[in-house]
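# Tertiary structure, described
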Amino acid sequence: MRIINAKQKTMILNLDPKLKPFTAEEEIIFQNFTFSGGEPHIKINPDFDVNQKITITHRLNSFNDLGLLCIAVDALRRMDVKRVELFIPYFPAARQDRVMIKGEPLSVKVYADIINGMQFDKVFVFDAHSEVTPALVNNCEVIPNHTFIETVVKAIGNDVKLISPDGGALKKIYKVSEFLGGVEVVECSKSRDVKTGRLSGFKVYNDDLQGMDCLIVDDICDGGGTFVGLAEELKNKNAGKLYLAVSHGIFSKGFEVLDCFEKIFTTNSFKDFEGESVEVIGLNQLI
Ligand SMILES: O=P(O)(O)OC[C@H]1O[C@@H](O)[C@H](O)[C@@H]1O
């Protein structure tokens, strides 16, 4: 999947200087700072051809990030740019895609509505949590995790079974398997208490994994509870070495809790990692 079409010149407005998802593209120069009262400001260098396609790249992990995006788009529109696209690797609140209990917000729709208000010609999202995100975001295209998992499997270097942690991830993992030429998939399920959100059990639908190495594939690792519980169940079914690959690494409880894994792989879609126990495959190698 190439977001950047070689035939059409694209200028990149990389609002998150550390993200750099694309290599060898021309960047729009800008300065941004925060006023003393905390309000964000931006000034875009007007020295570029407004008839070219502009792709904004940004990680939207906070309302401040969203504020910067909004004012950057306003600045571009006032400069009369013709086509503006957006690449947000991790869609905020993508997991809050349904109201489980009366009184909760549908947070993913709140973000989608704000983004729709900016009228992008295209919005690219890397490995969206569910089909709700592209359904809510106008002109949305989801970049699948295929090349990420291909890179991970190559890095592991030996045969692995692909493990899907739950029913929700099944459709995606079978597409990955097909992309990789038919790697075997082991289906699993997890149960969660609707009220507390607490995980209550895992099932691995394979009686004996016969020492085979297993790669759990999922979109997000947050606290890691899903993967630690599943790893235990996989070991009970005679799994060999365990690996974990998640497109979006939050790792809110650190890496110690995940020490049952031989290796953990992620991308820089959510944040950067320095000196941590994780193998990071930069988005610039995948897109
Ligand atoms: O168990 P943790 O890491 O907190 O949460 C990650 C899981 O929660 C789901 O929404 C993700 O798709 C993943 O399956």
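Residues numbered from 1 in each chain as written. Predicted model: local features only at pLDDT ≥ 70, side-chain atom pairs only at ≥ 80, totals over all residues. Heavy atoms only, no water.

Another aspect to go through is the pattern of salt bridges. Under the criterion given, the structure shown has 16 salt bridges. Linking D74 and R78 is a salt bridge whose minimum nitrogen-to-oxygen distance equals 2.6 Å. With D74 and R78 both in helix α1 (residues 63-78), this residue pair falls four residues apart, about one helical turn. A relative accessible area of 36% places D74 in the partly exposed class. Measuring nitrogen to oxygen at the nearest pair gives 3.6 Å for the salt bridge that ties K263 to E279. Residue K263 is found in strand β14 (residues 263-266), and its partner E279 is found in strand β15 (residues 279-280); the two are separated by 16 residues along the sequence. Linked by salt bridges that have partners in common, D16, R59 and D272 make up one network. (Salt bridge = Lys/Arg side-chain N within 4 Å of Asp/Glu carboxyl O. Helix = DSSP H or I, 4+ residues; strand = E, 2+ residues; numbered from the N terminus. Buried < 20%, exposed > 50% of the residue type's maximum accessible area, 1.4 Å probe, protein only.)

If you walk across this open sheet you meet the seven strands as β11-β10-β9-β12-β13-β14-β15, and the pairing is mixed. Lying at the two open borders of the sheet, with one neighbouring strand each, are β11 (199-204) and β15. Pairing analysis gives seven bridges linking strand β12 (residues 214-221) to strand β13 (residues 242-249), with the strands arranged parallel. Along β13, the bridge assignment pairs I220 with H248. The sheet contacts of helix α4 (residues 146-156) involve β9 (161-164), β12, β13 and β14, and relative to β13 the element is tilted by about 150 degrees. The sheet strands contacting helix α5 (residues 170-179) are β9, β10 (185-192) and β12, and the helix crosses β9 at an angle near 165 degrees. (Pairing = 2+ DSSP bridges. Contact = heavy atoms within 4.5 Å. Axes fitted to C-alpha atoms, helices over the stretch in contact; angles between N-to-C directions.)

As far as function goes, none of this settles anything; it's purely spatial.
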